[in-house]
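# Analysis of the macromolecular model
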Number of protein chains: 2
Amino acid sequence: MRSASEDLTTRARIRDAAVLRFARSGFGASLRAVAADAGVSPALVVHHFGSKERLHAACDEHVLAWIREAKRENLAAATSGRLVEVLASAEAQFAPMVGYVLRSLQDGGAVGRAFVEQMIADAEQYTAEAVEQGLARPSRDEKARVRYLVLSALGALLLSLTLDPPSDPQDVGAAVRRYLDQMALASIELYTEGFLTTHRMLDDYLAYAPDPPG
Amino acid sequence: MRSASEDLTTRARIRDAAVLRFARSGFGASLRAVAADAGVSPALVVHHFGSKERLHAACDEHVLAWIREAKRENLAAATSGRLVEVLASAEAQFAPMVGYVLRSLQDGGAVGRAFVEQMIADAEQYTAEAVEQGLARPSRDEKARVRYLVLSALGALLLSLTLDPPSDPQDVGAAVRRYLDQMALASIELYTEGFLTTHRMLDDYLAYAPDPPG
DNA sequence: TAGCGTACTGAACATGCGTTCAGCCAGCGA
DNA sequence: TCGCTGGCTGAACGCATGTTCAGTACGCTA
């Protein structure tokens with residue numbers, strides 16, 4: 001799984017070109033553009049994949065497989081926040097994958113949905129362990145908290161990159177790392193010290209809506 | 001400014017129809033769809049606006065003007081988190097506006113960018129006041145924290161709605177309110193109690209990267 | 001009433017898209 | 001050498017899009 005080298009099936013070369021093109025230009029990119037990137041006629045890509053929709057599905061599947069692989073290799077470091085960091089600092093060849101995932105998050109595609117569900121499932125486990133070890137505070141609704149934390153982290157990253165995209169869509173990795181640098185202090189501060197000084201808002205909410213873990 | 005009633009300029013009717021259509025279907029919606037919604041020929045919309053791009057710009061301008069108006073009317077309640085709440089709970093006629101803003105955030109349009117910049121600017125003021133009054137903890141880098149908080153709140157909302165869109169794109173308002181209900185406890189908990197139990201990660205970061213407000 | 005400008009339309013045009021299809025050409029077994 | 005299979009292409013089709021244009025209908029001013 002090391003390199004996207006040149007001695008691949010034509011089908012695989014087209015698929016890789018499509019992942020790259022979709023990552024750079026979004027899923028509105030034309031079949032003709034993908035074909036040109038792969039050095040191939042438009043007719044050939046539908047010969048191999050049947051339709052643009054099925055090409056998209058094949059890319060989704062490929063990227064999901066890659067994610068599963070990458071996560072297995074990085075199980076140790078992959079806490080909720082650090083997984084993104086690992087992805088971002090991966091070799092440059094993996095940047096297209098990160099870009100692809102972000103695009104899929106942006107338009108609600110299958111990869112995006114599966115990606116956050118996986119992240120949430122993992123994060124549930126990590127935070128449960130952290131709570132057991134006394135590193136994290138327990139929550140009144142663990143599942144809701146994990147979901148909130150993951151959606152916040154991912155959503156903030158996605159929104160930041162959307163509003164202020166990297167001039168060269170090539171290195172999403174660099175942009176992600178820059179974002180993490182900017183946000184590190186604020187997020188760590190919030191996670192260790194909180195934001196408010198009093199418990200009043202929390203108490204008010206608990207009095208108003210008594211049964212969280214419904 | 002009360003109602004989108006029927007006795008408006010045709011130009012205004014087309015503009016309103018376009019805002020609605022763009023909010024529901026995204027900016028990829030066709031001129032013909034907008035024209036049909038407005039009960040008008042496609043040729044007339046370009047007669048009034050010149051091109052689709054200029055129609056988009058006119059919608060942006062209109063929505064931005066509405067935002068400024070709405071904020072002036074709700075200055076008191078408009079803290080970072082509560083502004084979204086105010087927007088969401090506004091009259092049903094305002095839901096298209098909310099949907100439009102979300103669409104613009106989703107594709108990095110001018111309205112989206114302006115919207116978060118306004119929110120950040122306002123939040124800076126509110127949190128400064130809150131810190132002065134002893135309600136919020138001071139931060140080692142106030143501007144970065146505000147930016148992080150706003151991007152997190154907005155990004156989580158946007159991501160949630162993107163991955164799990166309301167079946168009827170009509171009521172974005174209801175979906176936003178549902179989201180806020182789900183996330184309220186977790187966010188208040190995090191804001192008042194934090195997540196970690198020790199200061200170690202924060203101390204480590206401060207030792208590693210000493211000069212935050214650069 | 002005549003003239004004129006403005007709102008408005010139907011039909012058409014150019015373009016780019018996804019997709020189809022007849023056929024080319026290299027490789028290979030008989 | 002023949003014939004055939006499969007990767008591959010160029011040209012075309014049908015369609016939807018944004019945009020143009022000639023022309024119609026209506027309301028105003030003279």
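Here the structure is a predicted model, which means the values were calculated and not measured.

## Side note on the overall build of chain A
Broken down by element type, chain A carries 10 helices and 0 strands. Taken from N to C terminus, the helices and strands of chain A fall in the order α-α-α-α-α-α-α-α-α-α. By residue count, 47% of the 214 residues in chain A fall in the buried class. For chain A, the proportion of contacts with a sequence separation of at least 24, taken over those separated by at least 6, is 68%. For chain A, the accessible surface area stands at approximately 10,900 Å², while carbon and sulfur atoms represent 53% of it.

## Structural notes on the protein's contact with DNA strand D
Close to DNA strand D lie 15 residues, the nearest being A:S41, A:A43, B:L31, B:R32 and B:K52. The sugar and phosphate moieties of DNA strand D supply 53% of its atoms located within 4 Å of the protein. Note that a phosphate oxygen of DNA strand D is positioned 3.3 Å from one of the side-chain N or O atoms of A:H48. Residue assignment for the surface near DNA strand D shows that the elements contributing at least two residues are α3 (42-49) of chain A together with α2 (31-38) and α3 (42-49) of chain B. It is α3(A) that provides the largest number of residues to the surface near DNA strand D, a total of 4 residues.

## Digging into the protein's contact with DNA strand C
In the vicinity of DNA strand C lie 15 residues, with A:L31, A:R32, A:K52, B:T10 and B:A43 positioned nearest. Atoms of DNA strand C within 4 Å of the protein: sugar and phosphate make up 53%, bases the balance. Within the backbone of A:K52, an N or O atom sits 2.7 Å from a phosphate oxygen of DNA strand C. Within the side chain of B:H48, one N or O atom sits 3.0 Å away from a phosphate oxygen of DNA strand C.

## Comments concerning the interface of chain A and chain B
Between chain A and chain B, the contact holds 54 residues from the first and 54 residues from the second. Of the roughly 5,400 Å² buried between chain A and chain B on both sides combined, carbon and sulfur atoms contribute 68%. Of all residues in chain A, A:Y148, A:L163 and A:F195 bury the most surface against chain B, accounting for 14% of the area lost on that side. In this structure, the connection of chain A to chain B is made through 4 salt bridges. Between B:E193 and A:R140 there is a salt bridge whose closest N-O contact spans 3.1 Å. Secondary-structure elements contributing two or more residues to the side of chain A that touches chain B are α6 (95-106), α7 (110-132), α8 (142-163), α9 (172-193) and α10 (200-208) of chain A. Considering every element that reaches the side of chain A that touches chain B, the biggest residue donor is α8(A), with 15 residues.

## Let's talk about the confidence of the model for chain A
Detailed reading of the predicted coordinates is not advisable wherever pLDDT is low. Averaged over every residue, the pLDDT of chain A is 88; residues scoring 70 or more account for 85%. Note that pLDDT drops below 50 for residues 1-6 of chain A; the model gives that stretch 8 contacts with residues more than four away or on any other chain.

## Regarding the environment of B:H62
Residues and elements named next belong to chain B. You can see H62 is positioned in helix α4 (residues 52-73). C-alpha separation for the pair H62 and V111, spaced 49 residues apart in sequence, amounts to 9.8 Å. Setting aside residues no more than four positions away along its own chain, H62 makes contact with R15, D16, V19 and M97.

Calculation notes
Residues numbered from 1 in each chain as written. Chains lettered and ligands numbered in written order. Predicted model: local features only at pLDDT ≥ 70, side-chain atom pairs only at ≥ 80, totals over all residues. Heavy atoms only, no water. Helix = DSSP H or I, 4+ residues; strand = E, 2+ residues; numbered from the N terminus. Buried < 20%, exposed > 50% of the residue type's maximum accessible area, 1.4 Å probe, protein only. Contact = heavy atoms within 4.5 Å. Areas by Shrake-Rupley, 256 points an atom, 1.4 Å probe, with all protein chains shown as cover. Near = heavy atom within 4 Å. Polar contact = N/O pair within 3.5 Å; in protein donor to acceptor, adjacent residues only side chain to side chain. Buried area = accessible area lost by both parts, 1.4 Å probe. Salt bridge = Lys/Arg side-chain N within 4 Å of Asp/Glu carboxyl O. pLDDT = per-residue confidence, 0-100.

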